[in-house]
Amino acid sequence: MATTSTQQKNVEFVRTGYGKNLVKVLYIRREGTHHYITELTANVELTLKSRKDYLTGDNSDIIPTDTVKNTVHALAKLKGVLTIEQFAMDISEHFLTAFKHVTRVNVKIEEAPWRRLEKNGVEHAHAFIYSPESCRFCEVEQNLNESPVLHSGVKNMKVLKTTQSGFEGFFRDRFTTLQEAKDRCFCTSVYARWRYNKVQNVDFDSAWNSVKESIIEKFAGPYDRGEYSPSVQKTLYDTQVIVLDRVPEVEEIEIVMPNQHYFTIDMTKMGLTNNNEVLLPLDNPSGNITGTVRRKPQAKL
Amino acid sequence: MELSTVTRLEVFGLMLYLSCESDTEFWDKMQAEWEELARRNWLTENEQAQIPSSVSPHEKAWQVLGTTQAENENEQAAIVSLQRCLELHPNNLQALMALAVSLTNTGMRQDACEVLLCWLRHNSKYNHLLKDKSHLAGSPGCQRRMSRVSTVGRYESSLLPEVKELFLEAAQHNRDTDPDLQTGLGVLFNISAEFNKAVEAFNAALSVRPEDYLLWNRLGATLANGDRSEEAVEAYTRALELQPGFIRSRYNLGISCINLGAHREAASNFLTALSLQRKSRSRQLSHQVMSGNIWAALRIALSMMDQPELFQAANIGDLDLLMKAFNLDM
């Protein structure tokens, strides 16, 4: 039953957008017998100038989502895929310039974690293994006649250390039962998302690797003795500070670190003394620690 | 006058940008433009003295475009222009120094040090200092370095200590203060966060060129980054007295206002800067000329003023509404 104009009069738009999700593509670049691949999954969303599609059922402005899918395929062929960031910007640029009635584009891309096979320092020419130790993703949001806003990120990077982590001196109230800990396991699945302050002439691969390495470096510390973490909050913040110091192209970074708890199993009822040797991984509930920092505006020489 | 300079040079630059091939008629026009600018005193005496007919107008134009873009708080564009200039003429000292400054501003510490090394190498007064340093003398690679993509991931600036040493050595050998050398020192001390030493260097440069508004701004920025905000404001004020259309300095002034808790003044300064940028937009340019970082700083200032409707106006880029709210509309 169509809405009446009286009913429509009481309604105003907040936001509209439509597109295609989960467009998957495997891109192969061949340099002789040495092959390079990027496999990605893209979500593309458009916002159009007119809302007549929503208001009256007039579809004449709608670029079908099937076309959106075809466009992603075609752009992979025409532009190639060097980095998911550049590809996302190419898609966004296309939709804003090939049409006069698209006012906003949002592109989210995740990259499949294929790792080239390597043995004794020798790389395989064309074989890869799926290595989900971390997931690389990016997002472009661009309005018509404006520069794109580009975020990149890493997620599902699960790390664990068995010592050099503690938690003491916290606030206690009548509901607090937690015991202070000087030495505990610290396990987290890191999520980090950062915004670039420039999008041209940026080595996105290098930037992503720098952030990933910095996260691991701050978490693990020196390989022989580690580095003490007084809280997830401190480790999270320290990571952000070194990222901003090392990667000038990053303007702002958000990190989320859940605290995945491992509890020492009490075996006293079995007559056994468990010296923090056998632990119970508990996936729920988990702590969740977040923080976002940005560069302080600097005076320019 | 200041606005016109900005407009003039941006259009000038656009004409240059659009013409890939050099064309006699085009260059005759360019030469005429140049002479007109000189006639109207829109070039500093320094620049006028540096236009020998042997210098390709192409290279000079990129240099001036680059430095103008930096003055107008358009850093990335400035870097591109200066790199173009250096591709044509790798030993353009002014372009090298300006590029080193821009790279420092964008956090490219190692790259900035390399450029300053090039400056020394191409400077006939000082290149003798590099004679025994074969590991630094390196390749004719100054040119290659200028146009490469930013190298993320080189965490330390390994060149910094040596380049600083060289500049200090050069300064010691000088009888008279060389303001350009002192500028280089000031930049290096900014990179190493030795702000008080940087202040000394820029003060030394200013003693030779007290009317140089760029130096006053550099002094101000150094003071600001060294947490001496009140003194920074004095330096910016002096720069703006000398060059009221100096957008970068006005942006810097706004930053210092934020740091001093004067959020209203900060917002006012950012709005003035944005409005100057907007006025300079040539009809031929369709892209944005207003700087993202000025808008970002404005949003910060407005967010601290607890006036959500103004913050919202900044989010959607409504400059006119904001100008009105601050009584800046003319």
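The structure reproduced in this document is the subject of the present report. Fair warning: this is a prediction, and the values are worked out from it, not measured in the lab.

1. A few points about the overall build of chain A
Right, on to step 1. Within chain A one finds 6 helices and 12 strands.
Right, on to step 2. Taking 19 Å as the expected radius of gyration for a compact globule of 301 residues, we find that chain A reaches 24 Å, considerably beyond that expectation.
Right, on to step 3. Referenced to the eigenvectors of the C-alpha coordinate spread, the extents of chain A come out at roughly 75 × 65 × 55 Å.
Right, on to step 4. Expressed as a percentage of contacts within chain A between residues at least 6 apart in sequence, the contacts between residues at least 24 apart total 65%.
Right, on to step 5. By element, 51% of the accessible surface of chain A is carried by carbon and sulfur atoms, the whole surface being about 17800 Å².
Right, on to step 6. Positive and negative side-chain charges in chain A, numbering 39 and 38 respectively, have mean positions lying 3 Å apart.

2. Regarding the interface of chain B and chain A
Right, on to step 1. Listed by partner, the interface residues are 32 residues for chain B and 21 residues for chain A.
Right, on to step 2. Roughly 2200 Å² of surface becomes buried between chain B and chain A when both sides are summed, with 54% attributable to carbon and sulfur atoms.
Right, on to step 3. The tally of links from chain B across to chain A stands at 1 salt bridge.
Right, on to step 4. When the shortest N-O distance is used, the salt bridge between D245 of chain A and R109 of chain B registers 3.3 Å.

3. Thoughts on the environment of A78 of chain B
Residue and element names in this part refer to chain B.
Right, on to step 1. Looking at the secondary structure, you find A78 in helix α5 (residues 75–88).
Right, on to step 2. Expressed as a C-alpha distance, the spacing of A78 and D306, which sit 228 residues apart in the sequence, is 35 Å.
Right, on to step 3. In this structure A78 touches G66, Q69, A70 and S102, once residues within four positions along its chain are discounted.

4. What about the sheet that holds strand β6 (residues 135–143) of chain A?
Residues and elements named next belong to chain A.
Right, on to step 1. Here 8 strands make up an open sheet; going across it, the order is β1-β2-β3-β6-β7-β8-β9-β12 and the pairing antiparallel. Of all the strands in the sheet, the pair left with one neighbour each is β1 (18–31) and β12 (287–294). On average, each strand axis in the sheet is inclined to that of its neighbour by 15 degrees, with strand direction left out of account.
Right, on to step 2. Here β1 runs beside strand β2 (residues 34–48); their pairing, made up of 12 bridges, is antiparallel. Opposite R29, over in β2, you have Y36 as the bridge partner.
Right, on to step 3. Contacts from helix α5 (residues 204–220) reach β6, β7 (149–161), β8 (186–196) and β9 (250–259) within the one sheet, and its direction differs from that of β7 by about 30 degrees.

Conventions we followed
- Residues numbered from 1 in each chain as written.
- Chains lettered and ligands numbered in written order.
- Predicted model: local features only at pLDDT ≥ 70, side-chain atom pairs only at ≥ 80, totals over all residues.
- Heavy atoms only, no water.
- Helix = DSSP H or I, 4+ residues; strand = E, 2+ residues; numbered from the N terminus.
- Rg over C-alpha atoms; globule rule 2.2 N^0.38 Å.
- Contact = heavy atoms within 4.5 Å.
- Areas by Shrake-Rupley, 256 points an atom, 1.4 Å probe, with all protein chains shown as cover.
- Lys, Arg positive; Asp, Glu negative; His and termini not counted.
- Charge placed at Lys NZ, Arg CZ, Asp CG, Glu CD.
- Buried area = accessible area lost by both parts, 1.4 Å probe.
- Salt bridge = Lys/Arg side-chain N within 4 Å of Asp/Glu carboxyl O.
- Pairing = 2+ DSSP bridges.
- Axes fitted to C-alpha atoms, helices over the stretch in contact; angles between N-to-C directions.

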